[in-house]
Amino acid sequence: MRKVSVIITLFPALFMNIIAIVSFSNMSNFNSIDFKGIFILSLILLFPLLFLIQGIICARYNINAFISLGASILGFIILMLVYLNDSAVIYIFTYLIFGIMGYLITKICRKLSKK
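Residues numbered from 1 in each chain as written. Predicted model: local features only at pLDDT ≥ 70, side-chain atom pairs only at ≥ 80, totals over all residues. Heavy atoms only, no water.

A description of the packing of aromatic side chains should follow, citing residues and the corresponding values.
One pass over the structure, following the stated rule, counts 6 aromatic pairs. Each ring, one from F47 and one from Y95, has its centre 6.1 Å from the other, and the planes form 85°; the classification is edge-to-face. Here F47 is found in helix α2 (residues 32–60), whereas its partner Y95 is found in helix α4 (residues 89–114), with 48 residues between them in sequence. The residues F47 and Y95 share a single accessibility class, namely buried. (Phe/Tyr/Trp six-rings, centres within 6.5 Å; stacked < 30°, edge-to-face > 60°. Helix = DSSP H or I, 4+ residues; strand = E, 2+ residues; numbered from the N terminus. Buried < 20%, exposed > 50% of the residue type's maximum accessible area, 1.4 Å probe, protein only.)

Next comes the structure, spelled out in structure tokens:
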């Protein structure tokens with residue numbers, strides 16, 4: 001596997017874990033409500049955007065989207081088991097839809113531009 005493929009496969013999982021660690025650890029005795037608010041915003045805005053970008057990059061560089069999205073979903077499942085409760089399962093499907101949507105839209109645009 002090329003180095004670029006590994007980076008593309010793992011970048012959403014890495015960002016999600018970094019955000020979770022920063023949000024849920026009491027760093028420098030800051031107000032923990034602020035960091036948890038950042039995490040909630042990340043669940044709603046940043047994580048879907050990461051999956052969308054990952055789908056676009058996978059389609060652009062011909063990387064296996066199933067492995068890439070699977071690794072990111074696995075990273076989120078681990079994050080969910082450690083920091084969240086079972087109600088976060090719905091986010092798995094949402095993020096998967098965003099990743100597939102980015103992949104399919106990019107593939108369709110590339111096919112249309114070749115014609």
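Once the structure has been displayed, the description carries forward.
Got a sec to walk through the side chain of Q54? Specific residues and values, please.
Assignment of secondary structure puts Q54 in helix α2. Looking at Q54, its side chain comes within polar contact range of the side chain of S68, at 2.5 Å. Once residues lying within four places of it in the same chain are set aside, the contact partners of Q54 are I8, T9, F11, P12, S68, L69 and S72. (Polar contact = N/O pair within 3.5 Å; in protein donor to acceptor, adjacent residues only side chain to side chain. Contact = heavy atoms within 4.5 Å.)

Lay out the UniProt feature "transmembrane region" (unreviewed entry) in the protein in plain terms, naming residues and giving numbers.
Taken from the UniProt record, the annotation "transmembrane region" (unreviewed entry) applies to residues 7–25, 37–58, 65–83 and 89–106. Secondary structure across residues 7–25 divides into 95% helix and 0% strand, with the first and last C-alpha atoms of the span separated by 26 Å. With 100% helix and 0% strand, residues 65–83 has end C-alpha atoms that lie 26 Å from one another. (UniProt positions renumbered as here; feature names shortened; annotations may be inferred.)

Quick rundown of the packing of helix α1 (residues 3–24) against helix α3 (residues 65–83)? Include the residues and the values.
Close contact between α1 and α3 brings their axes to 7 Å; oriented N to C, the two are set at 15°. One element, α1, and the other, α3, form an angle in the roughly parallel class. Considering only the axes of α1 and α3, their crossing is right-handed. Judged by residue contacts, I8, T9, L10, P12, A13, M16, N17, A20, I21 and F24 of α1 engage I67, S68, A71, S72, G75, F76, L79 and Y83 from α3. Of the residues assigned to the contact of α1 with α3, the class counts are 13 nonpolar, 5 polar and no charged. (Axes fitted to C-alpha atoms, helices over the stretch in contact; angles between N-to-C directions. Parallel < 35°, antiparallel > 145°, perpendicular 65-115°, else oblique. Left-handed = near helix turned anticlockwise from the far one by under 90°. Nonpolar A, V, L, I, M, F, W, Y, C, P; charged D, E, K, R; others polar.)

Talk me through the nonpolar core; I want residue IDs and the actual numbers.
For soluble globular proteins, nonpolar side chains are generally found buried alongside one another. With 17 residues, the main nonpolar core has M16, F39, F47, F76, L79 and Y95 as its most contacted residues. Contacts of Y95, omitting those with residues within four sequence positions, involve L43, F47, P48, F51, I73 and F76. (Core = buried A, V, L, I, M, F, W, Y, C linked by side-chain atoms within 4.5 Å.)

Now, about the confidence of the model for the protein: what can you tell me, with residues and values included?
A low pLDDT score tells you not to read the predicted coordinates there in detail. Predicted confidence across the protein gives a mean pLDDT of 84, with 90% of residues reaching 70 or more. Confidence, expressed as mean pLDDT per element, reaches its minimum in the protein at α1 with 80 and its maximum at α4 with 92. (pLDDT = per-residue confidence, 0-100.)

Give me the environment of S42: which residues, what numbers.
Secondary-structure assignment places S42 in helix α2. Each C-alpha atom of the pair S42 and I19 lies 8.0 Å from the other, and the pair is 23 residues apart in sequence.

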